[in-house]
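Okay, here's what each chain looks like letter by letter:
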Amino acid sequence: MEDDKKVDVAAQAAAFLAQDEVHEPMHDKNLWAARMKRDAAAREVPEWETLRQLASQIKEHTLTHLLQYLTEFEKNATSRGAKVYWARDAAEHNQHVWDILREKNISSVIKSKSMLQEECGMTAFLENRGITVTESDLGERIQQLDDQPPSHIVMPAIHKTREDVAQLFARNIGTDPANTDPHYLTEAMRNDARKRFLEAGAGMTGANFAIAETGSFVVCTNEGNADIGASVPPVHIASIGIEKLLPKVKDLGIFIRLLSRSALGTLATQYTSHFSGPRKGGELHIILTDNGRSKRLGMPEFWTSLKCIRCGACMNTCPVYRRSGGLAYGATYSGPIGIILDPTFDESKYSELPYHSSLCGSCTEVCPVKINISDQILQWRKVMAAKKYLPAARRLAFGTAGKIFEHPQLFRSAETMASGALKFTPNFLLYNRVLNPWGRHRELPHFAGQTFREWYLQYKAKNNEHGT
Amino acid sequence: MKVGLFIPCYIDAIYPEAGIATLELLERFGVEIVYPLNQTCCGQPMANEGDQQHSAAAEQLFVNNFREFDYIVGPAGSCVKHVKYHLDAIPQDPDVLHVRERTYELVEFLHDILKVEAFPWAYFRYKVGLHNSCSSIRGLGIARSSEIMGTPFNKSAKLLQMVEGLELVPMDRPDECCGFGGTFCVTDEAVSASMGIDKVHDYLRHDAEFVVSPDMSCLMHQQGIARKAGIHLKFLHIAQVLNGGPF
Ligand code: SF4
């Protein structure tokens, strides 16, 4: 049954909250701290709101002239000696990677963070073909050792405590389970992976920005791990989503200023590496990948989600995400941006995600490229409701409520009934049992002895008596 | 100036004193105010769910009830936000557009239209935690949200500061969502409750005695949370404070 594979994000978030008294408070606190650092960093830039506006306009311009810029990028990258491939979807992307590795007889790769490669399920695809894939980003490596996808697009293991990591490393790479010192753990991870770094036949990266004018691309990291991948092994393969394009080098400054401030509140990432063609004696392969992007570009309400620069600020600020943990979303992308991207991959599977939001709107206002995320969440609800993806009980309750609100007399009698029985839920006429978990953590509100309307009728009558 | 008073369903039934305070307050400023008797709901609960089909009739009734007024004022940010920005399940004829443009949340109306400068009758000798709802801040713009850079402003705080004796306490996360979110509070009960508990503790950490808001729906949720946890905080609609009652 189709419904069986629906992600029940509310239940998974509830489980994250209920696991203990440690994980959720820590997750909330750390991500809120990132949001606070972002505010402080943005406050130092007087033209912050102008930068957001410019970034948004540049992205919208590029996305509406995408063919032109992609063609320009391909031409320039090729003339610099890179080999450019096109991939319509995940399967074509993975096939290109596999073909390149097979031709060179490469059996081991190191990779840095790439959400696109996550989207494509590339690691599992390669491992099935006997390739050893090693994540070089610390957070990604933690998630890889735990056999979990990243829970945050910038901080992949942010849902784990230091103790969790110490336990995990103790099991996998033989560290002392009692030692939770981050430096110790980081060093241990690097020592364990170093041999694989040195032996890898290819390094894989993503890209944060690709510049049409020069055919070069930029990778931003804080650990410098993308640089190892790109400079130690002889072959560098970069997976680039077609929405990553910027027209000119001079556009880049705006985005670099916004990206790391929005993500972590730092002025820039530790490493902002520009790749323009293969290095001496090496090879550079660039896979320009669509995987649903051009379909999204054709969706009038949702195309601006392609402006996303994957900074994660909307996740850090989201009060629902902070209390849910990213894994609850059961998808490549979690948090607010995940809610609006994931359904473009599978509407039925992710049909509950748009309801996992209080629609507070903080994501929209924090987003450095001004995506109207919150409006798109509501827009997705309209899609889900129109396509009848809502659970039947819920549809029925809202249908009934709609009927009652349509007729004033029905409404009055429902109101009286509700007050008599004290079966009140905030959404009033939804006192269907399925929809009635109000009382688990909350007292029921008390009904007033007299409604406002009753008071008003008396008040008017009294005023009329007195001739006013 | 003829003003239609919009009293959302939950204020009608549970918090009539917020409605009474709104009406009395506006009358003090000489506004001619009428409460159309056939009102039910603006359609928000259904529309929030994405259910355009079932919100259409409620929206049409709302427009029929209020189209004759110069202004429509409601003491509820989230309902007003729905009317202003999301009442789109029905064809956008001139009546609909008029109603959408002329509907104001109470704080906005006092601050922007009546340009009120004093509440001489009001006196409130308590420490107050202010809760501007997300709809009021990020939807209607009654305060600058913390995400946006620039000179801060806060219309409801400005009005409350005109009340003699009242002390506003600072908060750690002043505009963090409290987790009400309409249907969200029942469909996503665990996360919603966790957000509410954190909110209530923020007031407590700053010794607030009262929580005051232009949005009673958020307070209904916060009050429910506080009561269940045995926390003695009191919750009032901003109209009650500005009008000096009824409490
Ligand atoms: S949607 Fe905006 S805030 Fe969220 S990750 Fe993308 S760019 Fe950042």
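Thresholds applied
Residues numbered from 1 in each chain as written. Chains lettered and ligands numbered in written order. Predicted model: local features only at pLDDT ≥ 70, side-chain atom pairs only at ≥ 80, totals over all residues. Heavy atoms only, no water. Helix = DSSP H or I, 4+ residues; strand = E, 2+ residues; numbered from the N terminus. Rg over C-alpha atoms; globule rule 2.2 N^0.38 Å. Buried < 20%, exposed > 50% of the residue type's maximum accessible area, 1.4 Å probe, protein only. Contact = heavy atoms within 4.5 Å. Areas by Shrake-Rupley, 256 points an atom, 1.4 Å probe, with all protein chains shown as cover. Lys, Arg positive; Asp, Glu negative; His and termini not counted. Charge placed at Lys NZ, Arg CZ, Asp CG, Glu CD. Domains from an automatic or database assignment. Buried area = accessible area lost by both parts, 1.4 Å probe. Polar contact = N/O pair within 3.5 Å; in protein donor to acceptor, adjacent residues only side chain to side chain. Nonpolar A, V, L, I, M, F, W, Y, C, P; charged D, E, K, R; others polar. Near = heavy atom within 4 Å. UniProt positions renumbered as here; feature names shortened; annotations may be inferred. Salt bridge = Lys/Arg side-chain N within 4 Å of Asp/Glu carboxyl O. Axes fitted to C-alpha atoms, helices over the stretch in contact; angles between N-to-C directions. Parallel < 35°, antiparallel > 145°, perpendicular 65-115°, else oblique. Phe/Tyr/Trp six-rings, centres within 6.5 Å; stacked < 30°, edge-to-face > 60°. Pairing = 2+ DSSP bridges. 1 Å grid on protein atoms, 1.4 Å probe; cavity = no way out; pocket = protein on both sides within 12 Å on 5 of 7 lines; lining within 4 Å. Points joined across faces, edges and corners; volume = space filled by probe spheres on them.

Caption draft 1: Quick peek at the overall build of chain B. Regarding its fold elements, chain B presents 13 helices and eight strands. The C-alpha radius of gyration computed for chain B amounts to 17 Å, which stays within 12% of the reference 18 Å derived for 247 residues, consistent with globular compactness. The principal-axis extent of the C-alpha atoms belonging to chain B is close to 50 × 45 × 40 Å. Counting only residues that meet the buried cut, chain B has 66% of its 247 residues in that class. Sequence separation of 24 or more characterises 76% of the internal contacts of chain B that already satisfy a separation of 6 or more. In the structure as shown, chain B presents an accessible area of about 8100 Å², 50% of it carried by carbon and sulfur atoms. Averaged over its 20 positive side-chain charges, chain B has a centre that lies 4 Å from the centre of its 31 negative ones.

Caption draft 2: View of the domain arrangement of chain A. All names here are of chain A. One can read the domain layout of chain A as domain 1 (45–294) and domain 2 (300–453). Counting residues at the interface gives 32 residues for domain 1, matched by 26 residues for domain 2. For the pairing of domain 1 and domain 2, the buried interface totals around 2600 Å² over both sides, and the portion due to carbon and sulfur atoms is 62%. Run the count over domain 1 and domain 2 and you get twelve residue pairs in polar contact (both at pLDDT 80 or more). Going through the elements one at a time, helix 3 (48–64), helix 6 (115–119) and helix 12 (249–264) are the ones with two or more residues in the side of domain 1 that touches domain 2. Take the side of domain 1 that touches domain 2: its biggest share by element is eight residues, from helix 3. The residue makeup of the side of domain 1 that touches domain 2, split by class, is 15 nonpolar, nine polar and eight charged.

Caption draft 3: Region of interest: the site of the ligand. Close contacts around the ligand come from 13 residues, with A:Cys308, A:Cys311, A:Gly312, A:Cys314 and A:Cys367 the closest. Among the residues forming the shell around the ligand, the class breakdown is eleven nonpolar, one polar and one charged.

Caption draft 4: Structural detail: the UniProt feature "domain: Cysteine-rich" (unreviewed entry) in chain B. Residue and element names in this part refer to chain B. Listed under "domain: Cysteine-rich" (unreviewed entry) in the UniProt record, and renumbered for this structure, are residues 3–82 and 129–221. The span residues 3–82 is 55% helix and 12% strand, and its two end C-alpha atoms sit 19 Å from each other. Secondary structure content for residues 129–221 is 42% helix and 9% strand, while the C-alpha to C-alpha distance between its ends is 16 Å.

Caption draft 5: Region of interest: unusual backbone geometry. With an omega dihedral of -5°, the bond running from B:Gly245 to B:Pro246 counts as a cis peptide bond. Checked against the element boundaries, B:Pro246 lands in the segment after helix 13 (238–243). With a phi close to 55°, A:Asp147 is a non-glycine residue in the positive phi region. Within the secondary structure layout, A:Asp147 lies in the loop between helix 8 (138–145) and helix 9 (162–173). By relative accessible area, which is 72% here, A:Asp147 ends up exposed.

Caption draft 6: Broad picture of the side chain of A:Ser151. All names here are of chain A. One can find Ser-151 in the loop between helix 8 and helix 9. Overall, the relative accessible area of 1% leaves Ser-151 in the buried class. At a separation of 2.8 Å, a polar atom in the side chain of Ser-151 contacts the side chain of His-159.

Caption draft 7: Molecular detail of the pattern of salt bridges. Using the criterion set out here, one finds 36 salt bridges over all chains in the structure. The partner of A:Asp146 in a salt bridge is A:Lys160, and the shortest N-O contact between them spans 2.9 Å. Here A:Asp146, found in the loop between helix 8 and helix 9, pairs with A:Lys160, found in the loop between helix 8 and helix 9; they are 14 residues apart in sequence, far enough to count as distant. In the salt-bridge network here, residues are joined through shared partners; they are A:Asp28, A:Arg322, A:Arg323, B:Arg173, B:Glu176 and B:Asp198.

Caption draft 8: Molecular detail of the domain arrangement of chain B. Residues and elements named next belong to chain B. With domains assigned, chain B is organised as domain 1 (2–113) and domain 2 (127–243). A separation of 21 Å is found between the C-alpha centroids of domain 1 and domain 2. Every contact between the two is made by 29 residues of domain 1 and, on the other side, 24 residues of domain 2. Interface area, domain 1 with domain 2, both sides summed: about 2200 Å², of which 64% is carbon and sulfur. The largest share of the area that domain 1 buries against domain 2 comes from Tyr-15, Val-107 and His-111, three residues that together contribute 26% of it. In this structure, the connection of domain 1 to domain 2 is made through one salt bridge. With a shortest N-O distance of 3.0 Å, Lys-155 and Asp-112 are connected by a salt bridge.

Caption draft 9: View of the interface of chain A and chain B. Across the contact, 76 residues belong to chain A and 71 residues belong to chain B. Applying the counting criterion to the chain A and chain B interface returns six salt bridges. Here B:Asp88 ties to A:Lys382 by a salt bridge, and the two come within 3.5 Å at their closest N and O atoms. Counting every contact that joins chain A to chain B gives 17 residue pairs in polar contact (both at pLDDT 80 or more). For the side of chain A that touches chain B, the element with the most residues is helix 2 (residues 23–43) of chain A, which contributes eight residues. Its residues assigned to classes, the side of chain A that touches chain B comprises 37 nonpolar, 15 polar and 24 charged.

Caption draft 10: Region of the structure containing the packing of helix 21 (residues 452–465) of chain A against helix 2 (residues 16–28) of chain B. Running from N to C, helix 21 of chain A and helix 2 of chain B point in directions that differ by 40°, and their axes come no closer than 8 Å. Looking at the two axes, helix 21 of chain A sits oblique to helix 2 of chain B. Contact residues: A:Phe452, A:Trp455, A:Tyr456 and A:Tyr459 in helix 21 of chain A; B:Pro16, B:Gly19, B:Ile20, B:Leu23, B:Glu24 and B:Glu27 in helix 2 of chain B. Of the residues in the contact of helix 21 of chain A with helix 2 of chain B, the class split is seven nonpolar, one polar and two charged.

Caption draft 11: Here's a closer look at the packing of aromatic side chains. All names here are of chain B. Taken as a whole, this structure holds 23 aromatic pairs over all chains when the rule is applied. Residues Phe-29 and Trp-121 carry aromatic rings whose centres are separated by 5.5 Å and whose planes lie at 65° to one another, so their mutual orientation is edge-to-face. Placement of Phe-29 in the loop between helix 2 and strand 2 (32–34) and of Trp-121 in the loop between helix 7 (106–113) and strand 5 (127–130) is noted, with a sequence separation of 92 residues between them. The exposure class of Phe-29 is partly exposed, given its relative accessible area of 28%.

Caption draft 12: A look at the pairing of strand 5 of chain B. Residues and elements named next belong to chain B. With two bridges joining them, strand 5 and strand 6 (residues 167–168) adopt parallel strand pairing. Residue pairing in the sheet places Lys-127 in a bridge with Glu-167 of strand 6. Note that strand 5 and strand 7 (residues 210–213) share three bridges and pair parallel. The residue bridging Leu-130 from the neighbouring strand is Val-212, located in strand 7.

Caption draft 13: Representation of the layout of surface pockets. For the second largest pocket, the calculated volume is near 810 Å³. Around the second largest pocket, the lining is made up of 46 residues, and of these A:Leu359, B:Gln44, B:Ser78, B:Lys81 and B:Ser135 lie nearest the centre. Those elements giving two or more residues to the lining of the second largest pocket turn out to be helix 17 (362–366) and helix 18 (373–386) of chain A together with helix 1 (9–13), helix 3 (44–48), helix 5 (77–86), helix 8 (134–139) and helix 12 (216–228) of chain B. Among the elements that make up the lining of the second largest pocket, the one with the highest residue count is helix 5 of chain B (six residues).

Caption draft 14: Region of the structure containing the sheet that holds strand 6 (residues 216–221) of chain A. All names here are of chain A. Spatially, the four strands line up as an open sheet ordered 8-5-6-9, and their pairing is mixed. Either end of the sheet is taken by a strand with one partner, and the two such strands are strand 8 (245–246) and strand 9 (271–275). Here strand 5 (residues 209–211) runs beside strand 6; their pairing, made up of three bridges, is antiparallel. Within the sheet, the bridge partner assigned to Ala-210 lies in strand 6 and is Phe-217. Contacting strand 5, strand 6, strand 8 and strand 9, helix 12 crosses the sheet at an angle of about 170° to strand 5.

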